[in-house]
Amino acid sequence: MQKFLWKAIKFSNSTENRAGGGVCVYTRNLLRVNVLKDLTQTSTTGFQQLWLHIQHKKLRSFLFCAAYRPPNCPVNCFIEDFTDKYIKALTIGKEIIIAGDLNCDLLKINPDSTALVDICTALNLKQLISTPTRVTEHSSTLIDVIMTSNSDVVSKSGVLETCISDHFVVYLSLSLKLPKPPPKFVCARSYRHYNPALLNEDLSPVQREQMDLIDDVNEKLDWIFEHFRSEEHTSELQSRQYL
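Quick look at the structure, then.

1. Details of the overall build of the protein
So, point 1. The helix and strand tally for the protein stands at five helices and 15 strands.
So, point 2. The proportion of buried residues among the 243 residues of the protein is 36%.
So, point 3. Nonlocal contacts in the protein, meaning residues at least 24 apart in sequence, comprise 60% of its contacts between residues at least 6 apart.
So, point 4. By element, 54% of the accessible surface of the protein is carried by carbon and sulfur atoms, the whole surface being about 15,700 Å².

2. Considering helix H1 (residues 77-90)
Since the α-helix packs 3.6 residues into each turn, any two residues three or four apart lie on the same face.
So, point 1. The terminal C-alpha atoms of H1 lie 19 Å apart, and with 14 residues this matches the ideal 20 Å at 1.5 Å per residue to within 8%.
So, point 2. At Thr 83, H1 is bent by approximately 40°, the largest bend along its length.
So, point 3. Taken together, the buried positions of H1 are occupied by Cys 77, Phe 78, Asp 81, Phe 82, Thr 83, Lys 85, Tyr 86 and Ala 89.
So, point 4. Close packing links the buried residues of H1 with strand E4 (41-42), strand E5 (48-55), strand E6 (62-68), strand E7 (95-101) and helix H2 (111-123).

3. Description of the layout of surface pockets
So, point 1. Computed from the structure, the largest pocket encloses a volume of approximately 1,200 Å³.
So, point 2. Surrounding the largest pocket, 39 residues form its lining, Val 25, Tyr 26, Phe 64, Ala 99 and Val 170 being those nearest its centre.
So, point 3. Mapped by element, the contributors of at least two residues to the lining of the largest pocket are strand E2 (23-28), E5, E6, E7, strand E11 (144-148) and strand E13 (169-174).
So, point 4. Of the residues contributing to the lining of the largest pocket, the split by class is 25 nonpolar, ten polar and four charged.

4. A closer look at empty space enclosed by the protein
So, point 1. In the structure shown here, the tally under the stated rule is one cavity of 30 Å³ or more.
So, point 2. If you trace the largest cavity, you find it lined by Phe 47, Ala 67, Phe 78, Phe 82, Ile 98, Leu 102, Leu 116, Ile 119 and Met 147.
So, point 3. Elements with a contribution of two residues or more to the lining of the largest cavity: H1 and H2.
So, point 4. For the lining of the largest cavity, a count of residues per class yields nine nonpolar, no polar and no charged.

5. A word on H2
So, point 1. Taking 1.5 Å as the rise per residue, H2 with 13 residues should run 18 Å; its terminal C-alpha atoms sit 18 Å apart, in good agreement.
So, point 2. Buried within H2 we find Ser 113, Ala 115, Leu 116, Ile 119, Cys 120 and Leu 123. In an axial view of H2, the angular spread of the buried residues amounts to 160°, which keeps them on one side of the axis. Exposed residues lying more than 90 degrees from the buried face of H2 are Pro 111, Thr 121 and Ala 122.
So, point 3. Elements that come into contact with the buried residues of H2 comprise H1 and E11.
So, point 4. Between a side-chain oxygen at the N-terminus of H2 and the backbone nitrogen of Asp 112 the separation is 3.1 Å; the capping residue is Asn 110.

6. Focus on the packing of aromatic side chains
So, point 1. Applying the stated rule across the entire model yields four aromatic pairs.
So, point 2. With centroids separated by 6.1 Å and ring planes inclined at 85°, the aromatic side chains of Phe 47 and Phe 78 adopt a geometry described as edge-to-face. Highlighted residues: Phe 47 in the loop between E4 and E5 and Phe 78 in helix H1, separated in sequence by 31 residues.
So, point 3. Joined through ring pairs, the aromatic side chains of Phe 47, Trp 51, Phe 78, Phe 82 and Tyr 86 make up one cluster.

7. Overview of the packing of H1 against H2
So, point 1. Put simply, H1 and H2 touch, their axes get as near as 12 Å, and they point 30° apart. Taken as axis vectors, H1 and H2 run roughly parallel relative to one another. Remark: the crossing between H1 and H2 carries right-handed chirality. Taken together, the residues of H2 that come into contact with H1 (itself represented by Phe 78, Ile 79, Phe 82, Thr 83 and Tyr 86) are Ala 115, Leu 116, Ile 119 and Leu 123.
So, point 2. A per-class count over the contact of H1 with H2 returns eight nonpolar, one polar and no charged.

8. Re the nonpolar core
So, point 1. Counting residues in each nonpolar core, the largest one holds 44 residues, and the members touching the most others are Trp 51, Phe 64, Phe 78, Ile 98 and Leu 116.
So, point 2. Of all elements in the fold, only E2, E5, E6, H1, E7, H2 and E11 reach the threshold of two or more residues within this core.
So, point 3. Counting residues per element, this core draws most heavily on E6, at seven residues.
So, point 4. Setting aside its immediate chain neighbours within four residues, Phe 64 contacts Val 25, Leu 50, Trp 51, Leu 52, Ile 54, Ile 97 and Ala 99.

The rules behind the values
Residues numbered from 1 in each chain as written. Predicted model: local features only at pLDDT ≥ 70, side-chain atom pairs only at ≥ 80, totals over all residues. Heavy atoms only, no water. Helix = DSSP H or I, 4+ residues; strand = E, 2+ residues; numbered from the N terminus. Buried < 20%, exposed > 50% of the residue type's maximum accessible area, 1.4 Å probe, protein only. Contact = heavy atoms within 4.5 Å. Areas by Shrake-Rupley, 256 points an atom, 1.4 Å probe, with all protein chains shown as cover. Expected span 1.5 Å × (residues − 1). Bend = angle between axes of the 7 residues up to and from the residue. 1 Å grid on protein atoms, 1.4 Å probe; cavity = no way out; pocket = protein on both sides within 12 Å on 5 of 7 lines; lining within 4 Å. Points joined across faces, edges and corners; volume = space filled by probe spheres on them. Nonpolar A, V, L, I, M, F, W, Y, C, P; charged D, E, K, R; others polar. Arc of directions from axis to C-beta. Polar contact = N/O pair within 3.5 Å; in protein donor to acceptor, adjacent residues only side chain to side chain. Phe/Tyr/Trp six-rings, centres within 6.5 Å; stacked < 30°, edge-to-face > 60°. Axes fitted to C-alpha atoms, helices over the stretch in contact; angles between N-to-C directions. Parallel < 35°, antiparallel > 145°, perpendicular 65-115°, else oblique. Left-handed = near helix turned anticlockwise from the far one by under 90°. Core = buried A, V, L, I, M, F, W, Y, C linked by side-chain atoms within 4.5 Å.

The quantities given are spatial measurements derived from coordinates; they are silent on function.
Laid out in structure tokens, this is it:
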């Protein structure tokens, strides 16, 4: 196995005497990742959010938020703690992905799940996970979610059943290819076969005297285009450039 393929970004729970040990994000070394410190926090209610700006050299960048709501954290944390940070993140102008265990069972209708659905509706977030993420002998719940500000960039999402934890793995694939700009056609003239003698002949005093007899500027310009045979001095080239 190759070494140093992954790096961990940890955010510990800074609030004492509360359940939960913080959130951690592992990223590939080939990604450029910056922590958005002005958005990252553990609130007094215990709600935790770690905000990252993630960039791949060949793809569009995006924002990622790893979030955790402890079971004893009131659901008004979505309004009081999360909404303000999310609105600030929107001003950056990037697609946003939010993932984490929010302890709101979306397979049931109750105050917790209703609060999460309401905040998604208010903030125009799309929740992508639809099957259970935690299954025990006696229960089946959907408490691990992935939400996005733009579902058009999501090509695939779902749940992977694993035995390494009592929570299954939620995942998504993003389509973040940079749009290819349309070609720009640039016209120029080549002086490779420039003939100075022929140019001097076209610009002879006799020719200039005839042009001076024309008073109107537009007519004078038309006369130049008609009598000055630029194609005999230069050749027109057209090139396609991608800017």
